[in-house]
Amino acid sequence: MNLPFTHPVFLWPAAGLALLCLGAGLWAQVRAGLGVRVVGQRPWALGLGLALMLGGLGIGIAEPRWGVPESPRLTVHIVLDASRSMLAVDENGRSRWNAALLAMDRILSKPSPGLRFSVDLMTGDAVPLMPPGEDHALLRDALRAVKPGEIGSPGTSFGRGIPQILKGLPEKEPAILFVLSDGEESWLAEADALQRASSALKASGVPLYAIAFGQNTPIPVTGATPDDPKEKPELFTTTANPDFLRRLAEASGGRLLRADESPLELFQKLAEGKAPLPVSRSLTPSHPEWGAWIAMAGLLLWLLAAGKPMVEWRPILMVLLVSGASPTGHAARPDLPLPQGVKAWIAQRALDEGDLATAQKWRPRGARPNHRLLAAEIDLRSKHPEDALRVLAPLTGQGAPRPIPVWRVPALLMAARAKVALNDMDQAKLMLERLLLESPGRPEAVHDLQSLLPNPEPPPPPNPKTPPPPRPSQGARQDELEGFQQRMPKKPTPPAGVKDI
């Protein structure tokens, strides 16, 4: 089980020193001398205060971690066994391969914000199939094109394939391996393969989760088709080994999933920090300030228990604390170690009053979303879009918590403004499209996206210098009229008779 600390090794020395100080204080309280009683010191409180200071120092250095990441994301590297043993039919009338594809369809058929998937095929070697991405339809089509036993080296080797896959993973990126296999190792001895694969997983800090397919009884499988059509394909037997997958997953910090368990829910919990990841791959926020608060409480207790010698010093210490440790007592300066919330308040007031220079001096540098949004707004008004994008990067990633937090929309809008300022229109459109996919119907995003799309150009006006089309000649027109007259019926002649005079 992973401790919720970045550096848990510092906890034990701090705890030992704190217990030593506490024990010394209790021992001095029982054997307090006359001088201690005269000045009014309380050794047990002095020991407790010193113990709290040392304990708070250790906790602050160890950095406790909890809470939901600002930008939940996780890359799931799917490792699919593509050996010929996956053709064995022992999964309720289905082959192991079809059962694995059905499990993949259940995962890829649902929306998964913040998750990216890649696919590697496991044979005697690792065969990369698809890089990390979010196109689920493309992943499903790529899996349908694979035929077990016809790609890569024959057999399955976890001891060789898993280290090959781990070498290509980026460092410190939240990632896991999701293995779908029957657990049969055919290249190395089982103990050797387990040792090699688990050592590589521990060194990279990537946990492995797996689903086992098949039964642990021998099942006949048809071998490769021989080149000579007169020869019959060779038959061999395969036996699933789910225990091997279970031991490998538990050794890496993961586990073997049940058949009725939803892997997608597990992936979402890992991305949001609700399920633990190794510290080197985790995005869970750290809170070293809690160690400082504990140490300050210990210091206050130590000052109160110091007796008469500290009475004269207490007003001086309070004046230094109120004046911000300024020896001259002047107003606070931006270079003082004030809390980021105070700096953000001063910068926001200056920004509301139109004083950009003061806002730049008091620009907050905290990791909270509101501090980042304010710092990005100051950078944009200062004509520094690159700095604004750098500050907004943790807030504009691929994933976002559900429901959508209030800072997500302004972060994407400001990132689009910064991209426009850098004349990167394609990335600006991508930011606005992502915003509309996560939160449809936002009028400001619709307006900004429409302003970036090119307007349809009207047809060009007619050129007055262009001569009109030639008119037919009068002779051709006369011939056409004569032809019409010849084809028209003639008028009947009146009957002959006597003319009246």
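Q: So what's going on with the packing of aromatic side chains? Residues and values would help.
A: Applying the stated rule across the entire model yields three aromatic pairs. An aromatic cluster is built from Phe117, Phe178 and Phe267, whose rings are joined through pairwise contacts. For the cation-ring pair, Arg160 lies above Trp187, with the distance from its terminal atom to the ring centre recorded as 4.4 Å.

Q: With reference to specific residues and values, describe the pattern of salt bridges.
A: Scanning all chains against the criterion turns up 17 salt bridges. Between Arg258 and Glu261 there is a salt bridge whose closest N-O contact spans 3.9 Å. Given the relative accessible area of 17%, Glu261 is considered buried. Residues Arg417 and Glu377 are paired through a salt bridge, measuring 3.6 Å at the closest nitrogen-oxygen approach. Of this pair, Arg417 sits in helix 16 (residues 408-421) while Glu377 sits in helix 14 (residues 369-381); the two residues are 40 residues apart in sequence, bridging distant segments of the chain. The network of salt bridges with shared partners includes Asp90, Arg96 and Asp182.

Q: Explain the sheet that holds strand 6 (residues 175-181) residue by residue, including any values.
A: Here five strands make up an open sheet; going across it, the order is 5-4-1-6-7 and the pairing mixed. Each of the sheet's edge strands pairs with one partner strand only, and the pair in question is strand 5 (126-133) and strand 7 (208-212). Geometrically, the sheet is characterised by an average inter-axis angle of 20 degrees between neighbouring strands, direction not taken into account. As paired elements, strand 1 (residues 74-81) and strand 6 share six bridges and run parallel to each other. Residue pairing for strand 6: Ile78 is matched across the bridge by Phe178. Across the sheet, helix 4 (residues 96-108) touches strand 1, strand 4 (115-122) and strand 6, and the angle it forms with strand 1 is around 165 degrees.

Q: Residue-level account of helix 9 (residues 263-271), with values.
A: The buried count for helix 9 comes to seven of nine residues, which makes it a mostly enclosed element. Listed as buried for helix 9 are Pro263, Leu264, Leu266, Phe267, Gln268, Leu270 and Ala271. Looking at the buried positions of helix 9, the neighbouring elements they touch are strand 1, helix 4, strand 4, strand 6 and strand 7. Looking one or two residues beyond helix 9, the residue adopting positive phi is Gly273, at roughly 80 degrees.

Thresholds applied
- Residues numbered from 1 in each chain as written.
- Predicted model: local features only at pLDDT ≥ 70, side-chain atom pairs only at ≥ 80, totals over all residues.
- Heavy atoms only, no water.
- Phe/Tyr/Trp six-rings, centres within 6.5 Å; stacked < 30°, edge-to-face > 60°.
- Lys NZ or Arg CZ within 6 Å of the ring centre and 35° of its normal.
- Salt bridge = Lys/Arg side-chain N within 4 Å of Asp/Glu carboxyl O.
- Buried < 20%, exposed > 50% of the residue type's maximum accessible area, 1.4 Å probe, protein only.
- Helix = DSSP H or I, 4+ residues; strand = E, 2+ residues; numbered from the N terminus.
- Pairing = 2+ DSSP bridges.
- Axes fitted to C-alpha atoms, helices over the stretch in contact; angles between N-to-C directions.
- Contact = heavy atoms within 4.5 Å.

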